[in-house]
There are 2 protein chains.
Amino acid sequence: MMNLSIAEENYIKSIYKLEEEGQEAVSTNALAGELDTKPASVTDMAKKLKEKKLIEYEKYQGINLTAEGKKAALSIIRRHRLWECFLVDKLLFSWEEVHELAEELEHVRSEKMTNRLSEFLGNPQIDPHGDPIPDAQGKMGKPRAQTPLHKAKSKRLEVVAVSDKSTALLEFLNAKGIRLGTQIDVIERYEFDNSIELKIRNQPAFTISEQVSKNIMVKPI
Amino acid sequence: MMNLSIAEENYIKSIYKLEEEGQEAVSTNALAGELDTKPASVTDMAKKLKEKKLIEYEKYQGINLTAEGKKAALSIIRRHRLWECFLVDKLLFSWEEVHELAEELEHVRSEKMTNRLSEFLGNPQIDPHGDPIPDAQGKMGKPRAQTPLHKAKSKRLEVVAVSDKSTALLEFLNAKGIRLGTQIDVIERYEFDNSIELKIRNQPAFTISEQVSKNIMVKPI
DNA sequence: AATAAAGTTTAGGTAAATCTAAATAAAAGG
DNA sequence: CCTTTTATTTAGATTTACCTAAACTTTATT
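Residues numbered from 1 in each chain as written. Chains lettered and ligands numbered in written order. Predicted model: local features only at pLDDT ≥ 70, side-chain atom pairs only at ≥ 80, totals over all residues. Heavy atoms only, no water.

- Chain A is annotated in an unreviewed UniProt entry as Transcriptional regulator MntR of Chitinophaga filiformis.
- Quoted verbatim from the Sequence similarities (unreviewed entry) heading of the UniProt record, the comment on chain A is "Belongs to the DtxR/MntR family." (UniProt positions renumbered as here; feature names shortened; annotations may be inferred.)

Here we look at the overall build of chain A
Part 1 of the reasoning: A tally of regular secondary structure across chain A gives eight helices and eight strands.
Part 2 of the reasoning: Here chain A has a C-alpha radius of gyration of 19 Å; the compact-globule value for 221 residues is 17 Å, and the two agree.
Part 3 of the reasoning: In terms of principal-axis extent, the alpha carbons of chain A reach across some 55 × 45 × 25 Å.
Part 4 of the reasoning: Here chain A holds 221 residues, and 44% of them are scored as buried.
Part 5 of the reasoning: Long-range contacts, defined as pairs at least 24 residues apart, comprise 60% of the intrachain contacts of chain A with a sequence gap of at least 6.
Part 6 of the reasoning: Each charge sign in chain A was given a centre, from 33 positive and 35 negative side chains, and these centres are 4 Å apart. (Helix = DSSP H or I, 4+ residues; strand = E, 2+ residues; numbered from the N terminus. Rg over C-alpha atoms; globule rule 2.2 N^0.38 Å. Buried < 20%, exposed > 50% of the residue type's maximum accessible area, 1.4 Å probe, protein only. Contact = heavy atoms within 4.5 Å. Lys, Arg positive; Asp, Glu negative; His and termini not counted. Charge placed at Lys NZ, Arg CZ, Asp CG, Glu CD.)

Details of the interface of chain A and chain B
Part 1 of the reasoning: Counting residues at the interface gives 20 residues for chain A, matched by 20 residues for chain B.
Part 2 of the reasoning: The partner of Lys112(B) in a salt bridge is Glu97(A), with the nearest N and O atoms 2.4 Å apart.
Part 3 of the reasoning: Between the two partners, chain A and chain B, sit six residue pairs in polar contact (both at pLDDT 80 or more).
Part 4 of the reasoning: Mapped onto the side of chain A that touches chain B, the elements with two or more residues apiece are helix H4 (67-89), helix H5 (98-105) and helix H6 (111-120) of chain A.
Part 5 of the reasoning: Looking at the side of chain A that touches chain B, the element that brings in the most residues is H6(A), giving five residues.
Part 6 of the reasoning: Here the residues of the side of chain A that touches chain B are counted per class, giving twelve nonpolar, two polar and six charged. (Salt bridge = Lys/Arg side-chain N within 4 Å of Asp/Glu carboxyl O. Polar contact = N/O pair within 3.5 Å; in protein donor to acceptor, adjacent residues only side chain to side chain. Nonpolar A, V, L, I, M, F, W, Y, C, P; charged D, E, K, R; others polar.)

Things to note about the protein's contact with DNA strand C
Part 1 of the reasoning: Taken together, 20 residues form the shell around DNA strand C, and within it Ser5(A), Ser41(A), Lys48(A), Lys47(B) and Tyr57(B) come nearest.
Part 2 of the reasoning: Backbone atoms, meaning sugar plus phosphate, form 75% of the atoms of DNA strand C positioned within 4 Å of the protein.
Part 3 of the reasoning: Ser41(A) has a polar side-chain atom sitting 2.4 Å from a phosphate oxygen of DNA strand C.
Part 4 of the reasoning: Within the contact set of DNA strand C, a phosphate oxygen lies 2.8 Å away from a side-chain nitrogen or oxygen of Thr28(B).
Part 5 of the reasoning: For the surface near DNA strand C, the secondary structure elements donating two or more residues are helix H1 (6-20) and helix H3 (39-51) of chain A together with helix H2 (28-35) and helix H3 (39-51) of chain B.
Part 6 of the reasoning: Taken together, the residues that form the surface near DNA strand C break down as eight nonpolar, seven polar and five charged. (Near = heavy atom within 4 Å.)

A word on the pattern of salt bridges
All names here are of chain B.
Part 1 of the reasoning: Tallying each qualifying case throughout the model produces 28 salt bridges over all chains.
Part 2 of the reasoning: For glutamate 9, the salt bridge identified is with arginine 79, shortest N-O distance 2.9 Å. Remark: arginine 79 occurs in helix H4 (residues 67-90) and glutamate 9 occurs in helix H1 (residues 6-20); sequence separation between them is 70 residues. Take glutamate 9 and arginine 79: they sit in the same class, and that class is buried.

A closer look at the nonpolar core
Part 1 of the reasoning: In this structure, Trp83(A), Phe86(A), Trp83(B) and Phe86(B) are the most contacted members of the largest nonpolar core, which totals 32 residues.
Part 2 of the reasoning: Those elements that provide at least two residues to this core are H4, H5 and H6 of chain A together with H4, helix H5 (98-105) and helix H6 (111-120) of chain B.
Part 3 of the reasoning: Among residues more than four places away in sequence, those in contact with Trp83(A) are Ala102(A), Leu105(A), Glu106(A), Met113(A), Leu117(A), Trp83(B), Phe86(B) and Leu105(B). (Core = buried A, V, L, I, M, F, W, Y, C linked by side-chain atoms within 4.5 Å.)

What follows is the structure, encoded as structure tokens:
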């Protein structure tokens, strides 16, 4: 596999993420937003990654990963998620602390180390935020059937993942007692602002904004 | 503590190493050799590190770490050696494989993570090559009394550290059955090329070059 | 002490990854 | 369908960490 700089790896990862989120072709602007950089920088990098055959790219037509690009992305994501598992399971970090650290650890590229790490952790299938971990061949266990809470139909739900990994959201969820596996009862949906009133276990009901419910992935039980 | 780039961290680490090896003031050339770069680049970086008050430096007079520079160095070395322990103890790498990987892992700068890693490993005092690990306050357990094998006087010795961490040397030592704690009997010293004939346990005697014996640190038993 | 050799610095340049400002293309709205 | 808005690209700078070649110090040698 090609040797990618850290910057290149970050671009590949972000393109993969935006494709996953449903963008047919990833736009320069969207990518700049995701990477917190400027559109002009994205255009520059797009040319380079096209040169390396990691993306398909035509002026003004957006970006898509090639098969090789996808492979690279999955390898980076694998490393990222395994390190998150390590930080939570072994170093006892809580789930809101690990994303930033894993952003750095993921760039240490050694297949041998990655595979040993996986083994050491018991070959985990999902990371602390509920996301599936690609295997050594780059095959990603398809996520369990899941819907963002704001679109879920049932009243009884279980939290299976969180799509926003920002410290802010995860700390909020901690405070509310929401984690992976938590069972939620939807009490009321307010059309006005799309907020949702819900209840978990024996605690008093509380309300969350659409902003939050969009990022909680659930499945019915 | 200041925010250092990876390049800056590597310079600091190398300066520390050369100072330890006895250089009163570290020369531009020596540092260029250590970092596998060119003297002109060292001069450039020296100016920057002086600006940041991490080194003392005057044109043509060589380089020394300031107190702050020393602190930074010890923090990097702590991370490096803890990761080496992790790789050997937990991921079951052998001692010749871990130096390069730790060179990358060491640049992930998080005190919290470093301290948790240390705890997770049982607060080890020495790394897989026998070098002491600085504690969270940057205090380095002074190495046990040790001499390079080529200067040792006694006939019965124990290996306490290896100063060259190159894969080549460590693989050679593996092949010969020399590791930390190994007991060595010196059979003969040949003045001609300063090679040493030695014997370990029940194995047949063999000879090592001065190049090798210089890098094996021993203590008498 | 003069000169040669070795070590170090300066000057000027390059590549990667950014940026701003200006130019250009695509999309959206009347 | 023409114009305005939005998105994207180009051009030209900047920063970091390098480099080479030439100039300059220091040290060693006659």
